[in-house]
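Letter by letter, the chains look like this.
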Amino acid sequence: MGDSLPRHVGIIMDGNGRWAKQRGLPRTEGHKQGAEVFERICDHCAELGIPCVTFYAFSTENWARPPGEVAAIMDLLRHWLRKAEEREGENRRRGIRLRFIGELSALPEDIQSLAADAEDHTRAHTRTICNLAVNYGGRLEILRAAQTLAAQCQTGARNAIDLTEEDIAAQLYTPEYPDVDLLIRPSGEKRLSNFLLWQAAYAEFWYADTLWPDFTTAHFEQALADFAKRSRRYGG
Ligand code: FPP
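From a predicted model like this one, the values you see are computed outputs, not experimental measurements.

1. With respect to the layout of surface pockets
Thinking step 1. Of the voids in this model, the largest pocket is the one considered here, and its volume is about 720 Å³.
Thinking step 2. Taken together, 32 residues line the largest pocket, and the ones lying closest to its centre are Met13, Asn16, His31, Tyr56 and Ala57.
Thinking step 3. Elements with a minimum of two residues in the lining of the largest pocket: α1 (16-22), α2 (27-48), β2 (52-59) and α3 (67-86).
Thinking step 4. If one sorts the elements of the lining of the largest pocket by residue count, α2 sits on top with eight residues.
Thinking step 5. Here the lining of the largest pocket is composed, by residue class, of 13 nonpolar, nine polar and ten charged.
Thinking step 6. A volume near 210 Å³ is recorded for the second largest pocket.

Below you can see the structure in the form of structure tokens.
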């Protein structure tokens, strides 16, 4: 696959609720299964040497869900972060660096602290960045960047008329990441849903009807194979 491997894959983990409903289970069971698939796909990205993969775990809009469901997703995050501590050696062997994007300051404090530890402990791993978007919103990310730049213009540190796209990109959560090459959304929905709005400007989209808890490494391989066949023109 070589050169045609995407440098950055974005994944919207959608369909957990429907997966659970089909089985007569509570929605939280769908998220639980979804968290397992997330781990499998993350490991697979490292096996393939994909430099960066970003998973949409919780959006700024997801707070509107029933409190029990929000708490269950937070519990899954907590559980996975504790497990990540235990599998530190495994992450080192696989070269997985853990990162987080979003407004983490609104999350329970223990999760913030576990996330900071996970970032610290995996900082030196270089094969794959496994990036988790938590309390993330693309518009909010761009707004934050605009606020920072506006403040710098106000103090005279910058001149508004000279601002460039690179200046905005440098203020996003992911200044050092490559743009998203491939955006995967399972479950039949065909929306971007406020995910990596700036970074996915030229992303190739890949959809499947499969619900996220049923998503396998074979689906992922299919997405990569389809991506390799696409001709990317960047508007040119
Ligand atoms: C969207 O499916 C999914 C979410 C809002 C939550 C995704 C969270 C996880 C997979 C677990 C997070 C934990 C870790 C460790 C990453 P949906 O609930 O909107 O599904 P539906 O459209 O079928 O209702």
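2. Overview of helix α8 (residues 217-229)
Thinking step 1. Along its 13 residues, α8 runs 19 Å from first to last C-alpha, staying within 8% of the 18 Å computed at 1.5 Å per residue.
Thinking step 2. Inspection of α8 places Phe220, Ala223, Leu224 and Phe227 among the buried residues, and these make up the whole buried set. Each buried residue of α8 sits inside an arc of 95° when the element is viewed along its axis, so together they form one side. Relative to its buried face, α8 has exposed residues pointing more than 90 degrees away, namely Ala218 and Lys229.
Thinking step 3. Buried-residue contacts for α8 involve β1 (8-12), α2, β5 (182-185) and β6 (204-207).

3. Some points on the state of the cysteines
Thinking step 1. This structure, assessed with the given rule, holds zero disulfides.
Thinking step 2. Distance from the sulfur of Cys42, which forms no disulfide, to the nearest cysteine sulfur (Cys130) is 3.1 Å.
Thinking step 3. Classification of Cys42 by relative accessible area gives buried; the value is 5%.
Thinking step 4. Summary of cysteine pairing: Cys52 is not part of a disulfide, and the nearest cysteine sulfur, belonging to Cys130, is at 8.9 Å.
Thinking step 5. For Cys52, a relative accessible area of 1% gives the class buried.

Basis of the calculations
- Residues numbered from 1 in each chain as written.
- Predicted model: local features only at pLDDT ≥ 70, side-chain atom pairs only at ≥ 80, totals over all residues.
- Heavy atoms only, no water.
- 1 Å grid on protein atoms, 1.4 Å probe; cavity = no way out; pocket = protein on both sides within 12 Å on 5 of 7 lines; lining within 4 Å.
- Points joined across faces, edges and corners; volume = space filled by probe spheres on them.
- Helix = DSSP H or I, 4+ residues; strand = E, 2+ residues; numbered from the N terminus.
- Nonpolar A, V, L, I, M, F, W, Y, C, P; charged D, E, K, R; others polar.
- Expected span 1.5 Å × (residues − 1).
- Buried < 20%, exposed > 50% of the residue type's maximum accessible area, 1.4 Å probe, protein only.
- Arc of directions from axis to C-beta.
- Contact = heavy atoms within 4.5 Å.
- Disulfide = S-S within 2.5 Å.

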